[in-house]
Amino acid sequence: MMSTNLLEYPNLLILMTLYINWECLICVLFVQVKSIGRFKETKRTDGISTSDIIKRILKDYNQYIMRNLTWGYSRKDLGVSYVKEKQLRVNMGITKLKEKVKEHQEKFHSAAKIAGKQSCGVYGEY
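How each quantity is defined
- Residues numbered from 1 in each chain as written.
- Predicted model: local features only at pLDDT ≥ 70, side-chain atom pairs only at ≥ 80, totals over all residues.
- Heavy atoms only, no water.
- Helix = DSSP H or I, 4+ residues; strand = E, 2+ residues; numbered from the N terminus.
- Buried < 20%, exposed > 50% of the residue type's maximum accessible area, 1.4 Å probe, protein only.
- Contact = heavy atoms within 4.5 Å.
- Areas by Shrake-Rupley, 256 points an atom, 1.4 Å probe, with all protein chains shown as cover.
- Arc of directions from axis to C-beta.
- Core = buried A, V, L, I, M, F, W, Y, C linked by side-chain atoms within 4.5 Å.
- pLDDT = per-residue confidence, 0-100.
- Polar contact = N/O pair within 3.5 Å; in protein donor to acceptor, adjacent residues only side chain to side chain.
- Salt bridge = Lys/Arg side-chain N within 4 Å of Asp/Glu carboxyl O.

### As for the overall build of the chain
Tallying secondary structure elements over the chain gives six helices and zero strands in all. For the chain, the N- to C-terminal ordering of α and β elements is α-α-α-α-α-α. Taking all 126 residues of the chain together, 11% fall into the buried category. For the chain, long-range pairs separated by at least 24 residues make up 22% of all intrachain contacts whose partners lie at least 6 apart in sequence. Of the roughly 11,500 Å² of accessible surface on the chain, a fraction of 59% belongs to carbon and sulfur atoms.

### Some remarks on helix α4 (residues 61-70)
Side chains that are three or four residues apart share a direction in an α-helix, a result of its 3.6 residues per turn. Among all positions in α4, only Ile65, Met66, Asn68 and Leu69 are buried. In an axial view of α4, the angular spread of the buried residues amounts to 165°, which keeps them on one side of the axis. Exposed positions of α4 whose direction lies more than 90 degrees from the buried face are Gln63 and Thr70.

### Some points on the nonpolar core
Within the largest apolar cluster, six residues are counted, these being Ile65, Met66, Leu69, Leu78, Val80 and Leu88. If one sorts the elements of this core by residue count, α4 sits on top with three residues. Apart from residues no more than four positions distant in its own chain, Leu69 is found in contact with Ser74, Arg75, Leu78, Glu85 and Arg89.

### Here's the deal with the confidence of the model for the chain
Counting all residues, the mean pLDDT for the chain is 77, and 73% of those residues have values of 70 or more. By mean pLDDT, the top-scoring element of the chain is helix α5 (residues 75-78) (88), and the lowest-scoring one is helix α1 (residues 10-19) (58).

### Concerning the side chain of Asn68
As for its position among the elements, Asn68 is in helix α4. In terms of polar contacts, Asn68 uses its side chain to reach the backbone carbonyl oxygen of Tyr64, at 2.9 Å. Beyond its immediate sequence surroundings of up to four residues, Asn68 is in contact with Tyr73 and Leu78.

### Quick word on the pattern of salt bridges
Following the criterion strictly, the structure yields three salt bridges and no others. In this structure, Arg89 and Glu85 form a salt bridge, with 3.1 Å as the shortest nitrogen-oxygen distance. Of the two residues, Arg89 and Glu85 both sit in helix α6 (residues 82-123), four residues apart, roughly one turn of that helix. What makes Arg89 partly exposed here is its relative accessible area of 33%. Taking the relative accessible area as the measure of exposure, Glu85 reaches 11% and is therefore buried. Salt-bridge contacts for Glu103 lead to Lys107; the nearest nitrogen and oxygen are separated by 3.7 Å. In this pair, Glu103 and Lys107 are both assigned in helix α6, four residues apart and thus about one turn of the helix distant. Note on Glu103: relative accessible area 42%, which makes it partly exposed. Here Lys107 falls in the exposed class, since its relative accessible area comes to 51%.

This is the structure:
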């Protein structure tokens, strides 16, 4: 039986992803990567969770992209699809609109409070 190195056949690897589950694919890839000497084992650090680090990165990803788009980077510079860029820009517009509405509501309530106090002074306490 001949052994096949999956890394030499990327099309075969793509087809395998369609027909087998991900866990099995990961096991196969791990064995292949380790067999060609590309696997680097690292020590675990107590109290530091890789999953937590990844969650924090992903949680702040949209903010990172929007900040960089605002600073003038293109979506291509950031590796972001056209649809993702538009989605983020729409969300940013909605967020700005909410902030403006809240600001105007606060101004209106302040003005109404002042007007209410002034009218009580003119017409007397109720």
